Amino acid sequence: MSALLTVQDLTIRFGGVTALQQVDFTVQAGSITALIGPNGAGKTTVFNCVTGFYRANTGSIHLHGGANGGSNLMALLGESLQWSDLWQPKRLGSRLYHKMFGGPHRVNQVGVARTFQNIRLFNALTVMENLLVAQHNQVDSGLLSGLIQSRRFRAQEQAALQRASAWLRFFDLLPEANRLAGELPYGHQRRLEMARALCTQPRLLCLDEPAAGLNPNETKALGRLILTLRDRFDMTILLIEHDMGMVMEISDHLVVLDHGEVIARGTPEEIQRDDRVLAAYLGSEPA
Amino acid sequence: MLARFWMACRVGGIALLLFAPITGLVLSGYRLEGHWQTPLLLAAVVTVGHFLFSVLLHHLGGLDRLGVGRAAALPAATIGLSAPKPVWIALLALLTLSLPLVLGKYGLSVAILALIYILLGLGLNIVVGLAGLLDLGFVAFYAVGAYTYALGYHYFHLSFWLALPLGALLAGLFGMVLGFPVLRLHGDYLAIVTLGFGEIIRLVLNNWVAVTGGPNGVSVAFPTLFGLEFSRKAKQGGIPIHEFFGIDYSANHRSLFLYFLLLGVVGLLILMVIRLKRMPIGRAWEALRENEVACRSLGIHHVTVKLSAFGLGAMVGGVGGVFFAALQGFVNPSSFTFFESAYILAIVVLGGMGSTSGVIAAALLLTVMPELLRDFSDYRVLSVGMAMVLMMVWRPRGLRQRRRPFFALPAEAAERVA
């Protein structure tokens, strides 16, 4: 196995609060890695950094492999200009470019997709449209070709429709394809959001509490779906989850955060025996 | 059948309520006279018409044929919604093409105005209805279009045909210029900035007297058709059209010309908007309206999507402006007040955000109704306002809700994910 994502020395401060302090971890390609920790430990902050919604103060996030042989996710967000750039026109150009066109969307384009803790669907659009929006960068989005309905445009729209149908079938949502996303039951909305993230054809799928609000049966089914994603589709998955039963069952690797710091890493068995983790969750007796 | 009948009766009752004050009370001198037979007659026509229409529609199977179960049996995945049947399109085309035969000069000018408002409504619908960016300064782009033609003609003898694309381009550019600073704004804040932008344009036009002529305005030549002029005597160095064809001069010719040209432009725009809604860019607009954060997480750059909505909407507004200048033969800043922006916004909201047919219906309603109500000129604006209030109470989502495209799915979707 090789690493797909390397996070090094990630530190982020909001005003005087240090939300993350030198967070280090790697995600192996084709694995399920879970980020766990008590409330307020900084799990979602890590997620927002990895998916490009927050910019860390220091540290680096690298996504390996892919078409261009790896990308520095932080650089995609745009870095602030520095005086020394004046002597290095190439770096200045690259920084200006990323400043103008950088942002979370670029992170998605290199292969990181995510879902949200509080579901963010396009409620007034149908289920199918939600999935078509996700394929914006894979279809011919030119103005002219769409207006004249060129052959290429129609072929790509059909391909997008097929891909969307396939994912809908996988998540057992095909009968709902023409319903509005906002009127689906909660559990279906969670699955739809995952389907939508997968439609962007990511290499790393980040799931933010996918089992939140699901009943035990649904949680079990979701765990199986996530395992299938790894085994059948070679998807690499990074997830945040509070449901320890599910986390211990499906994860290959765990990273435990507390107060913005990594306190333990390892397989589920190792983590379950780790004293610091137990202390973080249950509190420790005063020495 | 009985249910349809009762429904028709109910609709008739509503019609009676609406028509009674409008047509039943006639002011004569200082007294109100009751003419109760008129509203009763109108309500009866509505009742019978509604009943016949619903029965006919049922028997022709117009609506029931679009069921989900049927579409699911289609062999291959097709993007498709119930496209309107060619018969309806042909009927509509025939109606609009033959309308000038019935309308007089006055009616024709109302029709032209209605078409301009349809154009503006559809343009603003892109920005407000689809992309969800509340724009209270749309009239600015209308003004840019009108003044492009007016000033272009005044200074460079720009022809109407050149002004049309140039006005659209310039308005689109202004749309993007407005778009840049407001990229981060939403809702109320965006509305206030656009409101300011609209006023700035109007004030510049009003106060830059040396260039725009200020409140005195600029006069515009009437467009020519391949060098043929529509005036009695040639003024622009061409041949008057009635001399060319050897027919009598009629002031109607120019209105006819504008009407048909606008009809063509509006038709083209409707086709464009229908296609835009099913294109990636149109879907991205709607997605952005629904949830910007989710959009970014899916790799959609909100800047380009927003700017394209502003730009395209403004372009349509610019085209409307060029036509307005051509129709009036004269432009001055008083045509581009905030009231105009509000009126266009009312068209979009009344029609139903994002719905093309709804916006067209609302534009017709809001331009034709005030003209029909000229006899009660004192109560004209009042009754338009009342109609709006009632509309919003009864149908808060507008005349017509935006219909979502329907996707007929394959009987068995591909087994493997590509």
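Definitions and limits used
Starting from 1, residues in each chain are numbered consecutively following that chain's sequence as written. Whichever chain is written first becomes A and whichever ligand is written first becomes 1, with later ones labelled in order. Per-residue local features of the predicted model are confined to residues with pLDDT of at least 70, and side-chain atom pairs are confined, for both listing and counting, to 80 or more; whole-chain, interface and lining totals are unaffected and use all residues. Side-chain metrics rest on all non-hydrogen atoms present in the structure, leaving aside hydrogens and water. In this scheme, strands are said to pair when DSSP sees at least two bridges between them. Numbered from the N terminus, helices here are DSSP runs of H or I no shorter than four residues, and strands are runs of E no shorter than two. Contacts were defined at the residue level, with two residues in contact if any of their heavy atoms lie within 4.5 Å. By convention in these notes, a salt bridge is any Lys or Arg side-chain nitrogen within 4 Å of a carboxyl oxygen on Asp or Glu. Polar contact is the term for a pair of N or O atoms within 3.5 Å; when the atoms are in protein, one must be able to donate a hydrogen and the other to accept it, and sequence-neighboring residues count only if both atoms are side-chain atoms. Here the limits of each domain have been adopted from an automatic or database domain assignment. A 1.4 Å probe defines the accessible area here, and the buried area is the portion of it lost by two parts on being joined, summed over both. Gly is placed with the polar residues, together with every amino acid not listed as nonpolar (Ala, Val, Leu, Ile, Met, Phe, Trp, Tyr, Cys and Pro) or charged (Asp, Glu, Lys and Arg). For every residue, the accessible area (1.4 Å probe, protein chains only) is compared with the maximum for its type, and the residue is labelled buried under 20%, exposed over 50%, or partly exposed between those bounds. Note on patches: the residues involved have over 30% relative accessible area and no salt bridge, like charges join within 9 Å, and the nonpolar side chains Val, Leu, Ile, Met, Phe, Trp and Tyr join within 5 Å. To be clear on the numbers: accessible area is Shrake-Rupley with a 1.4 Å probe, and residue cover counts the displayed protein chains and nothing else. In this description, a line fitted to the C-alpha atoms serves as the axis of each element, helices being fitted only across the stretch in contact, and the angle between N-to-C directions of two axes falls anywhere from 0 to 180 degrees. Think of a nonpolar core as a cluster: buried Ala, Val, Leu, Ile, Met, Phe, Trp, Tyr and Cys residues, connected wherever their side-chain atoms sit within 4.5 Å. Sulfur atoms of two cysteines make up a disulfide when they are within 2.5 Å. Expected span of a helix: the number of residues minus one, times 1.5 Å. Each residue is assigned a bend, namely the angle between axes fitted to the seven residues that terminate at it and the seven residues that start at it.

Participant: Just checking my understanding: could you explain the sheet that holds strand 2 (residues 17-28) of chain A for this structure?
Facilitator: Backbone hydrogen bonds hold the strands of a sheet together, and the pairing may be parallel or antiparallel. Residue and element names in this part refer to chain A. Taken in spatial order, the 4 strands of this open sheet run 2-1-4-5, and their pairing is antiparallel. In this open sheet, the two edge strands, each paired with only one partner strand, are strand 2 and strand 5 (71-72). Bridging between strand 1 (residues 3-14) and strand 4 (residues 58-63) involves 5 bridges; their strand directions are antiparallel. Within strand 4, the position partnered with Val7 by the bridge is Ile61.

Participant: Any chance you could explain the interface of chain A and chain B here in plain terms?
Facilitator: Reports of interface size often rely on the accessible area that becomes lost once the parts have come together. On the chain B side, the residues contacting the 53 residues of chain A number 41 residues. The interface formed by chain A and chain B includes 2 salt bridges. With its nearest N and O atoms 2.7 Å apart, the salt bridge here joins Arg404 of chain B to Glu129 of chain A. Our count for the chain A to chain B interface comes out at 11 residue pairs in polar contact (both at pLDDT 80 or more). Of all elements in the fold, only helix 3 (89-101), helix 4 (104-109), helix 5 (127-134), helix 6 (143-147), helix 7 (151-170), helix 8 (186-199) and helix 9 (216-233) of chain A reach the threshold of two or more residues within the side of chain A that touches chain B. Broken down by element, the side of chain A that touches chain B gets its largest block of residues, 10 residues, from helix 7 of chain A.

Participant: What am I meant to see in the pairing of strand 10 (residues 261-266) of chain A here?
Facilitator: Looking along a regular strand, one sees the side chains alternate between the two faces of the sheet. All names here are of chain A. Relative to strand 10, strand 9 (residues 253-258) runs antiparallel, the two sharing 5 bridges. Looking at strand 10, one finds that Asp258 is bridged to Glu261. The antiparallel pairing of strand 9 with strand 10 creates a hairpin that spans 2 residues between the two strands, and His259 there sits at a positive phi of about 50 degrees.

Participant: Could you clarify how one ought to interpret the domain arrangement of chain B in this entry?
Facilitator: Residue and element names in this part refer to chain B. Domain assignment breaks chain B into domain 1 (1-60) and domain 2 (86-402). Measuring from the centre of the C-alpha atoms in domain 1 to the corresponding centre in domain 2 gives 33 Å. On the domain 2 side, the residues contacting the 5 residues of domain 1 number 5 residues. With both sides pooled, the region where domain 1 packs onto domain 2 buries about 430 Å², and carbon together with sulfur makes up 88% of that total. Summed over the shared surface of domain 1 and domain 2, the number is 0 residue pairs in polar contact (both at pLDDT 80 or more). The biggest single contributor to the side of domain 1 that touches domain 2 is helix 1 (residues 2-24), with 3 residues. Among the residues forming the side of domain 1 that touches domain 2, the class breakdown is 5 nonpolar, no polar and no charged.

Participant: Help me understand the pattern of salt bridges in this model?
Facilitator: Side chains carrying opposite charge are able to pair once their charged atoms draw close together. All names here are of chain A. The tally for this structure, following the rule as stated, stands at 14 salt bridges over all chains. The salt bridge involving Glu176 is made with Arg179; its shortest N-O contact spans 2.8 Å. According to the relative accessible area criterion, Arg179 is partly exposed, its value standing at 32%. Close ionic contact of Glu193 with Arg196 constitutes a salt bridge, the shortest N to O distance being 4.0 Å. Of the two residues, Glu193 and Arg196 both sit in helix 8, 3 residues apart, roughly one turn of that helix.

Participant: Would you mind going over a nonpolar patch on the surface with me for this structure?
Facilitator: All names here are of chain B. Together, Leu25, Leu27, Leu32, Trp36, Tyr379, Leu382 and Met386 make up a nonpolar patch on the protein surface, roughly 730 Å² of accessible area in all. Elements represented by at least two residues in the nonpolar patch include exactly strand 1 (25-28) and helix 17 (380-394). Its location among the elements puts Trp36 in the loop between strand 2 (31-34) and helix 2 (37-60). Classification of Trp36 by relative accessible area gives partly exposed; the value is 47%.

Participant: For this particular structure, what's the right way to read unusual backbone geometry?
Facilitator: Apart from glycine, the bulk of residues carry a negative phi angle, and the bulk of peptide bonds sit in the trans form. Even without glycine at this site, Glu209 of chain A takes up a positive phi of about 50 degrees. Position of Glu209 of chain A among the secondary structure elements: in the loop between strand 7 (204-208) and helix 9.

Participant: So what exactly am I meant to see when it comes to the sheet that holds strand 10 of chain A here?
Facilitator: Residue and element names in this part refer to chain A. Strand order in the open sheet formed by 6 strands is 6-7-8-3-9-10, with mixed pairing between adjacent strands. The open sheet terminates on both sides in strands that have one partner only, identified here as strand 6 (112-114) and strand 10. Adjacent strand axes in the sheet meet at a mean angle of 20 degrees, parallel and antiparallel pairs treated alike. On top of the sheet, helix 8 reaches strand 6 and strand 7; it is set at about 155 degrees to strand 7, its chief contact. Taken strand by strand, helix 9 contacts strand 3 (32-36), strand 7 and strand 8 (236-240), and its axis lies near 155 degrees from that of strand 8.

Participant: Explain the nonpolar core to me, please; I cannot follow it from the model alone.
Facilitator: Across soluble globular proteins, nonpolar side chains show a tendency to be buried alongside one another. Within the largest apolar cluster, 156 residues are counted, with the highest numbers of intra-cluster contacts made by Ile226 of chain A together with Trp285 and Phe323 of chain B. It is helix 5 (residues 105-130) of chain B that provides the largest number of residues to this core, a total of 15 residues. Apart from residues no more than four positions distant in its own chain, Phe323 of chain B is found in contact with Ile116, Leu119, Phe160, Leu164, Leu258, Leu261, Leu262 and Val265 of chain B. Residues Val7, Ile12, Val23 and Leu35 of chain A belong to the second largest nonpolar core, which totals 33 residues.

Participant: I keep staring at the domain arrangement of chain A and nothing clicks. Help me out?
Facilitator: Residues and elements named next belong to chain A. For chain A, the assigned domains are domain 1 (1-70 + 203-287) and domain 2 (122-201). Taking only C-alpha atoms into account, the centre of domain 1 sits 28 Å from that of domain 2. Across the boundary between the two partners, domain 1 contributes 17 residues, which contact 11 residues of domain 2. Roughly 1000 Å² is buried in total at the junction of domain 1 and domain 2, and carbon and sulfur atoms are behind 82% of that figure. Applying the counting criterion to the domain 1 and domain 2 interface returns 2 residue pairs in polar contact (both at pLDDT 80 or more). The set of elements that each furnish at least two residues to the side of domain 1 that touches domain 2 consists of strand 7 and helix 9. Ranked by the residues each element gives to the side of domain 1 that touches domain 2, the list is headed by helix 9, at 7 residues. Along the lines of polarity and charge, the residues of the side of domain 1 that touches domain 2 split into 11 nonpolar, 2 polar and 4 charged.

Participant: It is not clear to me how the state of the cysteines should be interpreted in this structure. Could you clarify?
Facilitator: For the structure on display, the rule yields 0 disulfides over all chains. Between Cys199 of chain A, a cysteine without a disulfide, and Cys295 of chain B, which holds the nearest cysteine sulfur, the sulfur-to-sulfur distance is 14 Å. Judged by its relative accessible area of 1%, Cys199 of chain A is buried.

Participant: How should I be thinking about the environment of Phe141 of chain B in this particular structure?
Facilitator: Residues and elements named next belong to chain B. By the secondary structure assignment, Phe141 is in helix 6 (residues 139-156). Remark: the alpha-carbon pair of Phe141 and Ala314, spanning 173 residues in sequence, is separated by 5.5 Å. In this view, Phe141 contacts Asp135, Ala171, Phe174, Gly175, Leu178, Phe197, Ala314, Gly317 and Gly318; residues no more than four positions away in its chain are not counted.

Participant: Got a minute to help me understand the pairing of strand 2 of chain B in this structure?
Facilitator: The sheet contact formed by strand 1 of chain B and strand 2 of chain B spans 4 bridges and is antiparallel. For Leu25 of chain B, the partnering residue across the bridge sits in strand 2 of chain B and is Gly34 of chain B.

Participant: Would you mind showing me how to read helix 5 of chain B here?
Facilitator: Think of an α-helix as 3.6 residues a turn; residues three or four steps apart then line up on the same face. Residues and elements named next belong to chain B. Given a rise of 1.5 Å per residue, 26 residues ought to cover 38 Å, and the 36 Å separating the end C-alpha atoms of helix 5 matches this to within 8%. If you look at helix 5, its biggest bend is around 40 degrees, right at Leu124. Most of helix 5 sits out of view: 22 of its 26 residues are buried. In the segment just after helix 5, Gly132 is the residue with positive phi, at about 70 degrees.

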